[in-house]
Each structure stands twice: as structure tokens, then as C-alpha cells.
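Chain by chain, the residues:
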Amino acid sequence: MGSCRICEKKSSLTSRELGLCLDCIRSRPEETREWALEVHARIRTGWGLPGEAPRHPEGIACDLCVNSCRIGEGGWGYCGLRQNAQGRVEGVSATRGKLSWYYDPLPTNCVADWVCAGGSRCGYPTYSYREDAEYGYENLAVFPHACTFHCLFCQNWHFRYYTFEDRCEPVESLVRAVNEKTACVCYFGGDPSPQLPYLLHASRMMRERDKGRILRICWETNGAMSKRLLDEVADSALTSGGCIKFDLKAWNETLHFALTGVTNRRTLENFQRLAKWLPSRPEPPFLIASTLMVPGYIDAQEVGHIAEFIESLNPEIPYSLLAFHPDYKMNDLAATSRKQAQECLAAAKQAGLKRVRVGNIHLLG
Ligand code: SF4
Ligand code: SF4
Ligand SMILES: [Zn+2]
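Residues numbered from 1 in each chain as written. Chains lettered and ligands numbered in written order. Predicted model: local features only at pLDDT ≥ 70, side-chain atom pairs only at ≥ 80, totals over all residues. Heavy atoms only, no water.

Colleague: Hey, could you go over the overall build of the protein chain for me, with residue numbers and the actual values?
Modeller: A tally of helices and strands in the protein chain yields nine helices and 16 strands. The C-alpha radius of gyration of the protein chain comes to 20 Å, within 12% of the 21 Å expected for a compact globule of 365 residues. Referenced to the eigenvectors of the C-alpha coordinate spread, the extents of the protein chain come out at roughly 60 × 55 × 30 Å. For the protein chain, buried positions account for 58% of its 365 residues. Across the protein chain, the fraction of contacts at a sequence separation of at least 24, relative to all contacts at a separation of at least 6, is 73%. Entry remark: accessible area of the protein chain is about 15,300 Å², with carbon and sulfur atoms responsible for 50%. (Helix = DSSP H or I, 4+ residues; strand = E, 2+ residues; numbered from the N terminus. Rg over C-alpha atoms; globule rule 2.2 N^0.38 Å. Buried < 20%, exposed > 50% of the residue type's maximum accessible area, 1.4 Å probe, protein only. Contact = heavy atoms within 4.5 Å. Areas by Shrake-Rupley, 256 points an atom, 1.4 Å probe, with all protein chains shown as cover.)

Okay, here's the thing in C-alpha cells:
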């Protein structure tokens, strides 16, 4: 049971670590922001990460994501991947990345499996080896070891143990990991954004080497990369039969900031930007949205607003509502209840979306 430092109410729906209730987050944005900044900075400092995005006036600028870091001498970018070492950027590059990978037999349980060429009947024969799900083939799941957000509910947070490891993978090693059973490559993480120059480079090399065969390129992301890189990501997915899975974590900007440490503005702009390409390849769907139903925070009101936004762009965009399990700094909250899931599902349908579903049903409390 956590208590809210603004209204002092105690509730099992208030995260102990965040110490803010949903009502206060919505009604007291300035106090929320101030306190949330402290919370994120304290936890991030424990990992050796900058408390907030560096803004050193004479620092080295990085424009790969919404954080637009200006990294001062000896300091690190918000993601922990780039350091200013005597005026030079050190860390990852287009040929050296911090990441790992594994093979996942298709169909996988990914956010898009119900509509993608690997998990459903969509896309055959142009983008899929089989008329049904691609049994016998594999997804190359690529797991970057850093992120541009700091979500208190992160379900993959263990990547943070590896962000500062010295070991880097040459781009050729990742390209070699694609074998004759690989039908798709999915970049998730962490988040692909801070290593997009490397991942896009790898994707081009893979497709060039394996010209003439099906190899889908898919992305799962918080969506806060630069617009320039977003367009390259979109092109790689569109032309290969892959998809982009955007996590739309919260509609209310203050709530998004409290939960993730970062604004949602770039993510929403980028999602809108991608929608313009939808007509050029309606099937398999190129853009998929998802939202984690965090108890006490991401309620039917949030989901309803997100769904209205998606609907305003195109009501055919698939939307996955994902069940939360207690993790990272929100491990004191319960799993998403069936009631919350039903309310969120109803709100998404009410907004007019044609393709909505609840994923991870086995996790519902
Ligand atoms: S990728 Fe984003 S978080 Fe990382 S250094 Fe660049 S601007 Fe900062
Ligand atoms: S964007 Fe995803 S990987 Fe990054 S901190 Fe948030 S939940 Fe974790
Ligand atoms: Zn409160």
C-alpha cells in the first residue's frame, strides 16, 4: 500500500516508489512533475545514469531521440550509451552496438502476432512463407541494452545491468545471426531508438545479403526517436512486410512523465506521422499500437483518449491492451484485474476502433 505525498491518501493502487495517486497527477501537474523528477533522478543515479537529460550549454549534442541531450565533458547521455570523452563521443556507433539476441519460434507471443505475417494468415505469399502462421520458421529477437525512457513499470528492466558493460557487438555478428529459418527480425529492448544507426545499418546489410527472400524487419518501440530516423524505420518495415509496434503508454502528458520520466509529445507526433503511410500497405498492418494497463494509473479514461487519437488517424489500426504484472519499481501493485481490462477494452471499442484485443490474458488477476 502506497501513500500519495500530495493528498496523503493511502491506497493499494498508489505505487510506493512513485508516491503519487492518479487524482493528484491529473489535478496537480506542477507538483507532480517536480516530485516525479526527484523520484526518477534518485533511481537513475543508482544505476549510474544521469538523473535527467543533460543540458550542458557547451556539451556535445545528440539528436537521436526526444531527450536531445547536450552531454558535458565526462558525462553520459540520458540513455547511458554515449559519453563525452574529451570532446569526442564514445560508446556505441553504426558498427558497434550494445545488445544481445535469441531465436524465438514462430508464431511468437509478440504484440502483433494476431495480425502480422509471422503469426496470422496475413501477408501470404508476398511477405510470409506459410498461408497460416509460419510454423517451422523463427524470429530473430534483438534486445538492445539501453532505453530513452525510464518507465517505473518496465517489464524488461534487466537490460539496465548491461548498459554500461564494455562489450560491444560488431554489426557483422548480428547480420550473421540471420539464418535460413529466420523469417523476421524484431528489434525491441530496452528501446531501439538510441542505437538506430547501428540497427538500420544491420537491417540494410541483412536484406542486401539475402536479397530475393522474405525477411521482415519489425520494431517495438516507445516511439520517441528523431523524425529523420523514424522515416528510415518506417521504410525498412514497409518494404520488407514487417511492422512497427508503438507503445502508447499514457495520454495525459503529466501522467506519462510521472510514469516514464519523459514527455509523450514526440511519441504521439511520430505515431501520427506514420499513419500517412498506412494506405500504401494495408495488409499486413504496418502500424500497431499497444498500452500496458497499469493498475491505479492507466485506466479506461486514458485508454479511451488514446483510442480516440488512434481512431482519428485510422480506425483499422490494431490496438493491443496488455496486462501488467508487478515489476521493477512498481512491483507493489497487483496485476491488471479482469474488471480493469474489460473497462479498457470497452473504452477502446467505444472510441470506434475496429481491431482491439487484450494480450497476456494469462496475467490478468
Ligand atoms: S539517444 Fe537520446 S537519450 Fe541517448 S544520448 Fe542521444 S538524445 Fe540522449
Ligand atoms: S520504454 Fe520500454 S524498455 Fe524502455 S523503460 Fe519503458 S518499458 Fe522499459
Ligand atoms: Zn493524491
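From this point, things continue past the structure.
Colleague: Any chance you could break down the site of ligand 2 for me, citing the residues and the numbers?
Modeller: Around ligand 2, the structure places Cys147, Phe149, Cys151, Cys154, Phe159, Arg160, Gly190, Asn222 and Lys249. Judged by the fraction of its atoms near the pocket grid, ligand 2 is located in the largest pocket. Within the shell around ligand 2, the residues separate by chemical class into five nonpolar, two polar and two charged. (Near = heavy atom within 4 Å. 1 Å grid on protein atoms, 1.4 Å probe; cavity = no way out; pocket = protein on both sides within 12 Å on 5 of 7 lines; lining within 4 Å. Sits in = over half its atoms within 2 Å of the grid points. Nonpolar A, V, L, I, M, F, W, Y, C, P; charged D, E, K, R; others polar.)

Colleague: Run through the coordination of the zinc ion (ligand 3), naming residues and quoting values.
Modeller: Those protein atoms acting as donors to the zinc ion (ligand 3) are Cys4 (SG), Cys7 (SG), Cys21 (SG) and Cys24 (SG), and they sit at 2.3 Å. Relative to the metal, the four donor atoms surrounding the zinc ion (ligand 3) lie at angles of 105 to 116°, and the coordination shape comes out tetrahedral. Taken in chain order, the donor set of the zinc ion (ligand 3) reads C-x2-C-x13-C-x2-C. Here Cys21 matches Cys24 in class, with each residue buried. (Donors = N, O, S within 2.8 Å, 3.2 Å for Na, K, Ca; no water. Tetrahedral: all angles 85-135°; square planar, octahedral: opposite > 155°, others 65-115°.)

Colleague: Can you break down the environment of Tyr187 residue by residue, with the values?
Modeller: Of note, Tyr187 is situated in strand β11 (residues 182-187). Taking C-alpha positions, Tyr187 is 22 Å from Asp327, a pair spaced 140 residues apart along the chain. Every residue in contact with Tyr187, bar those within four places of it in the chain, is listed here: Val142, Leu174, Pro192, Leu199, Ala202, Ser203, Met206, Ile217, Cys218, Trp219 and Glu220. There is a polar contact of 2.8 Å between the side chain of Tyr187 and the side chain of Ser203. (Polar contact = N/O pair within 3.5 Å; in protein donor to acceptor, adjacent residues only side chain to side chain.)

Colleague: Report on the site of ligand 1, specifying residues and quantitative values.
Modeller: What surrounds ligand 1 is the set Cys62, Leu64, Cys65, Asn67, Ser68, Cys69, Gly77, Tyr78, Cys79, Arg82 and Pro194. Judged by the fraction of its atoms near the pocket grid, ligand 1 is located in the largest cavity. Considering only residue class, the shell around ligand 1 consists of seven nonpolar, three polar and one charged.

Colleague: Could you give an account of the pairing of β11, naming the residues involved and the relevant values?
Modeller: Among the six residues that make up β11, six are buried, leaving the element largely enclosed by the rest of the structure. Where strand β9 (residues 138-144) meets β11, five bridges bridge the pair, whose relative direction is parallel. If you follow Leu140 over to β11, its bridge partner there is Val185. For β11 and strand β12 (residues 216-221), the ladder comprises four bridges, and the chain directions are parallel. By the bridge assignment for β12, Tyr187 is matched with Trp219. Taken together, β11, helix α4 (residues 196-209) and β12 constitute a β-α-β crossover, and its handedness is right-handed. (Pairing = 2+ DSSP bridges. Right-handed = clockwise from strand over helix to strand, strands pointing away.)

Colleague: Tell me what's going on with the packing of helix α7 (residues 265-275) against helix α8 (residues 300-313), and back it up with residues and numbers.
Modeller: Packing of α7 against α8 leaves a shortest axis separation of 10 Å and a crossing angle of 30°. Taken together, the axes of α7 and α8 lie roughly parallel to each other. The element α7 and its partner α8 pack so that their crossing is right-handed. Contact residues: α7 offers Leu268, Phe271, Gln272 and Ala275, while α8 offers Phe309, Ile310 and Leu313. Across the contact of α7 with α8, the residue classes break down as six nonpolar, one polar and no charged. (Axes fitted to C-alpha atoms, helices over the stretch in contact; angles between N-to-C directions. Parallel < 35°, antiparallel > 145°, perpendicular 65-115°, else oblique. Left-handed = near helix turned anticlockwise from the far one by under 90°.)

Colleague: Before we move on, can you summarise empty space enclosed by the protein with the specific residues and values?
Modeller: For the coordinates displayed, the defined rule picks out two cavities of 30 Å³ or more. In this structure, the largest cavity occupies an estimated 90 Å³ of space. Taken together, 13 residues make up the lining of the largest cavity; nearest its centre are Cys62, Cys65, Cys69, Tyr78 and Cys79. Grouping the constituent residues of the lining of the largest cavity by class yields eight nonpolar, four polar and one charged. Looking at the second largest cavity, its volume works out to about 30 Å³. For the lining of the second largest cavity, the class distribution of residues is six nonpolar, two polar and two charged. (Points joined across faces, edges and corners; volume = space filled by probe spheres on them.)

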